[in-house]
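Take a look at the letters that make up each chain.
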Amino acid sequence: CELACLFFEKQLEASSIGKEVKEYLLKRGITEESIKKWRVGYSPDTWNGLTDFLVGRNYTREEVVKAGLAITKEGGRGESYDRFRGRIMFPVFDLNSQVVGFGGRVFKQIEETAKYINTPQTLIYDKSNLLYGLNNAKLTIRKENQCVVTEGYTDVIMCHQAGFINTIASSGTALTLGHLNILKRYSENLLLAFDADVAGDTATKRGINLAQELGFNIKIIESYGKGKEKLDPADIVLKDPKEWGKYIAQARSIMDYYFDSAFASFNKNTPDGKKEISKIILPEIKRLQNKIEQSHWINKLSEMIGIKEESIVEEMIKIKTTSSIQRQSLDKETVFERSESLGIERR
């Protein structure tokens, strides 16, 4: 993987298309310094460019496949082809800044090519235990006691470039038990800057439930992804870093988010509306680990729907919640995919 990273970096600097890619990255606002720091590269649009290079360095084709860098051809004759072709390459690092895998973004869209592809599960790459950028962000996260979780590689790079060094990315998966156990070493305060509907996306919701059960304080950075003006954190930082700082400062607690979602969907003045609002909010209150915090939200719900706290507590006791921790602990390899897999649990 380290050799592959060096190969991709060289292609970015030396090849004619690589220079086009670099110009594109610079136009996107990623500086020369950031390109070097994050070791961004380019995979040539050839079938065996990387594989031939690695075989020339005394690796076997089978080893290249096992590293997730090539795919075996159908037919079983031992032939293979490069997994990443014609893509901007973002190496993924472990906590010691060693390259363990890659994310590849297509440079020139051809037909229905996937925009991003990633290294599959390998002996050293397990995306349920890897968070992009944590190797560079961990000390700042601990110092500031706060971690901003975004979705993409460029979000992380641009945020770090602008001084928001406590930023990482989940890289296409919801938060898993592995992710959260690692993050807990540095901070229990998470700010989520997710593009998906946090209340509606099943996989995202599972990750949040898991974090709550582990005692994390969750806040949502919202409003940056609405309507036609939808912008990624990277886009906002490029326009005005101070604007992104405001979004972070205005992040709202996950419970406020759930309250707003529920009350926006149903009429609090009708019996049915009160019931539906309670069905959304009560499981979330019950999931909170701190009894004082629970009491606060029960009191707020009581005031907003005009129902006695005792009645609300009675209803909450009836609710059965499945522990997300137990669900993931049953299979440590479980990865909850984000919205692109429609929230299906894949084992």
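Before reading further, recall that the structure is shown in the block above.
About the criteria used
Residues numbered from 1 in each chain as written. Predicted model: local features only at pLDDT ≥ 70, side-chain atom pairs only at ≥ 80, totals over all residues. Heavy atoms only, no water. Helix = DSSP H or I, 4+ residues; strand = E, 2+ residues; numbered from the N terminus. Buried < 20%, exposed > 50% of the residue type's maximum accessible area, 1.4 Å probe, protein only. Areas by Shrake-Rupley, 256 points an atom, 1.4 Å probe, with all protein chains shown as cover. Pairing = 2+ DSSP bridges. Axes fitted to C-alpha atoms, helices over the stretch in contact; angles between N-to-C directions. Contact = heavy atoms within 4.5 Å. Parallel < 35°, antiparallel > 145°, perpendicular 65-115°, else oblique. Left-handed = near helix turned anticlockwise from the far one by under 90°. Nonpolar A, V, L, I, M, F, W, Y, C, P; charged D, E, K, R; others polar. Phe/Tyr/Trp six-rings, centres within 6.5 Å; stacked < 30°, edge-to-face > 60°. Disulfide = S-S within 2.5 Å. Core = buried A, V, L, I, M, F, W, Y, C linked by side-chain atoms within 4.5 Å.

1. As for the overall build of the protein
Secondary structure assignment for the protein yields 16 helices and 13 strands. Here the protein, with 347 residues, has 47% of them falling under the buried criterion. Total accessible area on the protein is roughly 17600 Å²; 50% of this is exposed by carbon and sulfur atoms.

2. Observations regarding the sheet that holds strand S9 (residues 189–192)
Read from one edge of the open sheet, five strands run S8-S7-S9-S10-S11, paired in mixed fashion. The open sheet is flanked by strand S8 (167–169) and strand S11 (252–253), the only strands paired with a single partner. When strand S10 (residues 217–220) meets S11, the two strands line up antiparallel, connected through two bridges. Counterpart to Ile-220 in the pairing with S11 is Arg-252.

3. Describing the sheet that holds strand S6 (residues 116–118)
Spatially, the four strands line up as an open sheet ordered S1-S4-S5-S6, and their pairing is antiparallel. Where the open sheet ends on each side, the last strands, each with one partner, are strand S1 (41–43) and S6. Sheet twist, expressed as the average angle between the axes of neighbouring strands with direction ignored, equals 35°. Here three bridges tie S1 to strand S4 (residues 87–93), and the two strands are oriented antiparallel to one another. Bridge pairing links Gly-41 to Met-89 in S4. Set on the sheet, helix H7 (residues 153–161) makes contact with S4, strand S5 (99–106) and S6; between it and S4 the angle comes to about 70°.

4. Examining the packing of helix H9 (residues 202–213) against helix H12 (residues 254–265)
It is at 12 Å that the axes of H9 and H12 come closest, and there the two elements cross at 135°. Classified by the interaxial angle, the pair formed by H9 and H12 is oblique. Here the hand of the crossing between H9 and H12 comes out left-handed. For the pair formed by H9 and H12, the contact residues are Lys-205, Ile-208, Asn-209 and Gln-212 on the first element and Ile-254, Met-255 and Tyr-258 on the second. Residues belonging to the contact of H9 with H12 are distributed by class as follows: four nonpolar, two polar and one charged.

5. Here we look at helix H6 (residues 134–144)
Along H6, the positions that sit buried rather than exposed are Leu-134, Asn-135, Ala-137, Lys-138, Thr-140 and Ile-141. On its buried face, H6 is in contact with S4, strand S7 (147–150), H7, S8 and helix H8 (177–183). Note on H6: the residue one or two positions beyond its end, Asn-145, has a positive phi of about 55°.

6. Some thoughts on the packing of aromatic side chains
A complete count under the given rule lists 14 aromatic pairs for this structure. On the basis of an interplanar angle of 65° and a centroid distance of 6.3 Å, the ring pair of Phe-84 and Phe-102 is categorised as edge-to-face. Of the two residues, Phe-84 is situated in the loop between strand S3 (80–82) and S4 and Phe-102 in strand S5; the sequence distance between them amounts to 18 residues. Ring centres 5.2 Å apart and planes at 15° place the aromatic pair Phe-90 and Tyr-153 in the stacked group. With Phe-90 in strand S4 and Tyr-153 in helix H7, the pair connects residues that are 63 residues apart, well separated along the chain. In terms of burial, Phe-90 and Tyr-153 fall into one category: buried. Three or more aromatic residues joined by ring pairs form one cluster here, namely Phe-7, Phe-8, Phe-53, Phe-84 and Phe-102.

7. A word on the state of the cysteines
Inspection of every chain in the model, using the stated rule, returns zero disulfides. Here Cys-5 stays unpaired: no disulfide links it, and the sulfur of Cys-1, its closest cysteine neighbor, is 9.1 Å away.

8. Considerations on the nonpolar core
Grouped together as the largest cluster of nonpolar side chains are 48 residues, with contacts concentrated most on Leu-25, Val-40, Leu-69, Phe-102, Tyr-132, Ile-221 and Trp-244. Leu-183, Leu-190, Leu-192 and Ile-285 belong to the second largest nonpolar core, which has 42 residues in total.

9. Some details on the pairing of S5
The buried fraction of S5 amounts to eight of the eight residues, a majority that puts the element mostly inside the structure. Judged from the seven bridges that link them, S4 and S5 form a sheet pairing that is antiparallel. Bridging from a neighbouring strand, Ile-88 pairs with Arg-105 of S5. Counting the residues that bridge the hairpin from S4 to S5 gives five residues, and of these Ser-97 lies at a positive phi of roughly 65°.

10. Side note on unusual backbone geometry
The backbone phi angle of Arg-39 is positive, close to 55°, even though this residue is not glycine. Along the chain, the position of Arg-39 falls in the loop between helix H3 (32–37) and S1. Its relative accessible area of 16% is what places Arg-39 among the buried residues.

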